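Read off the chains here:
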Amino acid sequence: MTTPPPLAERVLRWSLAPGDREAVIGDFQEEFEAIRETRGAAAARQWYWTQTAASLPSNVLRRIRGERLRLRSAESADDRASRRNVRHAALVMVGVGLVIGGAGLVMDQATGGAFLAFALVPLAFVLLFFGLVLFFNSLSPWPERDPVTRAINQRRGQILWPLFLCWSFPDKIAPHAYQHVVARWELVPLLAGIALMLWPQKYWIFGGFVPAILAPQVWSPFFSTRREADQRIYLPVDAPSGPAQIGDVIVTRGGESRIGINRVFAAADTVRLFAPIGIGDAPVHVSVAVLTAHDTVAAEFQPVPTVSTPVEHPEWWRKPVPPTAQIDLAMPLHTFAPGNYRLAITATDGTAGCTKYADFRVAPDIE
Amino acid sequence: MALPPSLGEFEQLVLLAIVHQDDEAYGVTIRREIEERTRRRVTVGALYTALDRLEKKGLVTSTMSKPTSERGGRSKRYFALTSTGEKALRHAHDTFTRMWAGLESTLRPSRG
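Keep in mind it's a predicted model, so treat the numbers as computed, not measured.

What counts, and at which threshold
- Residues numbered from 1 in each chain as written.
- Chains lettered and ligands numbered in written order.
- Predicted model: local features only at pLDDT ≥ 70, side-chain atom pairs only at ≥ 80, totals over all residues.
- Helix = DSSP H or I, 4+ residues; strand = E, 2+ residues; numbered from the N terminus.
- Expected span 1.5 Å × (residues − 1).
- Buried ≥ 20, exposed ≤ 12 C-beta atoms within 10 Å, placed from the backbone.
- Axes fitted to C-alpha atoms, helices over the stretch in contact; angles between N-to-C directions.
- Parallel < 35°, antiparallel > 145°, perpendicular 65-115°, else oblique.
- Contact = placed C-beta atoms within 7 Å.
- Nonpolar A, V, L, I, M, F, W, Y, C, P; charged D, E, K, R; others polar.

A. Just helix α2 (residues 18-39) of chain A, in detail. Residues and elements named next belong to chain A. Here α2 spans 31 Å end to end across 22 residues, near enough to the 32 Å set by a 1.5 Å rise per residue. What α2 keeps buried is the set D20, A23, V24, G26, D27, F28, Q29, E30, E31, F32 and R36. Looking one or two residues beyond α2, the residue adopting positive phi is G40, at roughly 100 degrees.

This is the structure in structure tokens:
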């Protein structure tokens, strides 16, 4: 029995989208058999090769289109926005480059060829700043997913503009007599200090070596943001490893991105307790005990943990966040007498478990 | 009322071939039907490109059959006209009929 030419069949298979292969190669096979029976094997082989070659462009185009559609339907809204942002940022950068380059060439002609060498440095400088601003703003090719961090980055991107102006134009805007005071090189330490204060610690390359005084991580309400989803105002806090104080609230970082707040509660308060729980494959049982100063149990709760979905970051350098469980417990304090207490949060999956403690104090209500 | 999607010439031929083949409309039979009736060569790639486009427009639907031995154990992809496809075909026919009206005596039909 004569079979279709193997090479032609391989070319045909390669050119087709996976979803088309079954039906189209079957059609080729059926037609090949029909021609072989009526006109002979040579005519059938020739037909197979001719059809394969003639169908190649349309098959490949259809395969590419299908692949693009599949990729687009699989990507998230954030990924789509990222793709648009990359295009937008690239267009802006090219546009800025062309405008500045064009202006440089005009100036070069006007000054008889003396300008271009000097224009290249400012051109690179301007493009660098544009790149930084785009990176920190919504045009960034890699937009930050966390809304709070994104808001901070946008503010920092806006702050880069005055720095750019300070750097680029002091010798042009300052009166000649004062230019030695605001000359560029004398601004370098000032700009470096400001940049250190503004730069998010998570992006520091040498995070551990920068003295804390240069980078106050608990920032002012200047950076607070209103989240559109729930209209709440958020104060983003990059908590340092040691405790920091805002008013009468002490903020500490218990672990990677976990913020704890130690404070004195009034008896009329209801404490809402959120606690992340690391989970494995087995279901986790959580109990929360409120212990008195003498370690007797004043109250016990059995909250049911809710399991989060894992988070995959688009940026290759960020670790994926594995699924975690979280308890959300509302604990009215009016049943507790004023005094010092200790929360004991115990999580166990039957074979292993751990307990974390947090101290708090209930103060008498102030009338 | 919204007009049905407009059809190119080849798309009309493909849709008409599907109607002619009724329950037996798949790649091979559609292509043969067009080649026999129009006496023009149709490549398999061009046919499937048109069929994909028609399916995206919602004018045809496709279903895979069970594998058959004469095709090396491969399935057939059967095509059927949707109601939108039928409307589009009818609309194209009406448009041509209106455009031809009164021209029959002016433009003589070609021989062959």
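Structure shown, so let's carry the discussion forward.
B. Local environment of the packing of helix α1 (residues 9-21) of chain B against helix α2 (residues 27-38) of chain B. Residues and elements named next belong to chain B. Closest axis-to-axis distance for the α1/α2 pair is 9 Å, and the angle between their directions is 110 degrees. Our classification of the angle between α1 and α2 gives roughly perpendicular. On α2, the residues that touch L13, V14, A17, I18, H20 and Q21 of α1 are T29, I30, E33, I34 and T38. In terms of residue class, the contact of α1 with α2 is made up of six nonpolar, four polar and one charged.

C. How the structure looks around α2(B). When the terminal C-alpha atoms of α2(B) are compared, their 16 Å separation across 12 residues agrees well with the 16 Å that a helix rising 1.5 Å per residue should span. Looking only at α2(B), the buried set comprises G27(B), V28(B), T29(B), I30(B), R31(B), E33(B) and I34(B). Looking at the buried positions of α2(B), the neighbouring elements they touch are α2 of chain A together with α1, α3 (44-56) and β2 (77-81) of chain B. Where α2(B) terminates, the next one or two residues include R39(B), which has phi positive at roughly 55 degrees.

D. Structural context of unusual backbone geometry. The backbone of D295(A) shows a phi angle near 65 degrees, a positive value even though the residue is not glycine. Positionally, D295(A) belongs in the loop between β8 (285-291) and β9 (297-301). D295(A) sits in the exposed class, given 9 other C-beta atoms within 10 Å. In this structure, R39(B) takes a positive phi of about 55 degrees despite not being glycine. Looking at the element boundaries, R39(B) is found in the loop between α2 and α3. Classification of R39(B) by C-beta neighbours within 10 Å gives exposed; the count is 8.

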